[in-house]
Amino acid sequence: DEKLDELLEEFIVGFRSFLINSKTLYKETLENFEYGRPLFEIMRYVNCHGKVKMTDIGKELLVSKPYVTSMVDKLFNYGLVYREHDENDRRIIFIALSDKGKNTLDEYDKTMRNKIREKLTFLSDEELVELETMVHSMKKLAASKFFNIKGE
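Each chain carries its own residue numbering, running from 1 in the written order of its sequence. Side-chain atom pairs in this predicted model are given and counted only at pLDDT of 80 or more, local residue features only at pLDDT of at least 70, and totals for whole chains, interfaces and linings cover all residues. Side-chain calculation: all heavy atoms of the structure are included, whereas hydrogens and water are not.

Focus on the pairing of strand β3 (residues 93-97)
Each residue is assigned to one of three classes by its accessible area relative to the maximum for its type, calculated with a 1.4 Å probe on protein chains only: buried under 20%, partly exposed between the two thresholds, exposed over 50%. The secondary structure listing takes helices from DSSP runs of H or I that are at least 4 residues long and strands from runs of E that are at least 2 residues long, numbered from the N terminus. Across the five residues that make up β3, a large majority, four, are buried. Paired strands, as defined in this entry, are two strands with at least two bridges between them according to DSSP. With two bridges connecting them, strand β1 (residues 52-53) and β3 associate as antiparallel partners. Of the residues in β3, the one forming a bridge with V52 is I95. Pairing between strand β2 (residues 81-85) and β3: five bridges, direction antiparallel. When the bridges of β3 are listed, Y82 appears paired with A96.

Following this line, the structure appears as structure tokens:
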């Protein structure tokens, strides 16, 4: 129990530190774009799921429907997404990325990858192997019951 408590504390502190420091990376990447991080988060969700309902975006990103509506309106005005009514129920509106949105997201991802690459250049070969192991472990943890909120 004591060892687990120590590990838990290190995990919480390390994860918090990682999130705080990653904000700098986002900030540096976003300097090249006229859109903010929330818009990219919505675009990324839409890109991963195809056509989505506004309510799905809000549930996934843990934000209110009015907030999603405001952000999607901005994306629409920038030409990054388009709206499509459901054929069976005109009240339901789907959001999808436009070609401009896909290209912008690709450019953002490429810029982010280059920023991360710059940050990792100082690592030795041994440290890169360590990082690889850590990344595989984090992916495995993310796919495990650890993040299964509903306990399924």
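Alright, that's what it looks like, and here's the rest.
Digging into the environment of L39
For L39, the location among the structural elements is in helix α2 (residues 37-49). Separated by 36 residues in sequence, L39 and L75 have C-alpha atoms that sit 6.9 Å apart. Only heavy atoms enter the contact rule, under which two residues are in contact if any of them lie within 4.5 Å. Sequence-distant contacts of L39, defined by excluding residues within four places in its chain, comprise M71, K74, L75 and Y78.

So, helix α1 (residues 2-30)
What a helix is expected to span follows from its residue count: subtract one and scale by 1.5 Å. For α1, spanning 29 residues, the distance from its first C-alpha to its last is 42 Å, which sits close to the expected 42 Å at 1.5 Å a residue. In this structure, the buried residues of α1 make contact with α2 and α5 (99-120).

Here's the deal with the side chain of T104
Take T104: it is sitting in helix α5. Residue class for T104 comes out buried when judged on its relative accessible area of 10%. When neighbours within four sequence positions are excluded, T104 is seen to be in contact with F33, Y35, F40, M43 and L80.

With respect to the pattern of salt bridges
Every case where a carboxyl oxygen of Asp or Glu lies within 4 Å of a side-chain nitrogen of Lys or Arg is listed as a salt bridge. Going through the model one piece at a time under the given rule, you end up with six salt bridges. One salt bridge connects E28 with K119, and the closest N-O pair in it is separated by 3.3 Å. Taken together, the positions of E28 in helix α1 and K119 in helix α5 put the pair 91 residues apart, joining distant regions of the chain. Relative accessible area serves as the criterion here: at 40%, K119 is assigned to the partly exposed category. A salt bridge links R44 to D109; the nearest nitrogen and oxygen atoms lie 2.1 Å apart. Remark: D109 occurs in helix α5 and R44 occurs in helix α2; sequence separation between them is 65 residues. R44 gets classed as partly exposed once you look at its relative accessible area, which sits at 27%.

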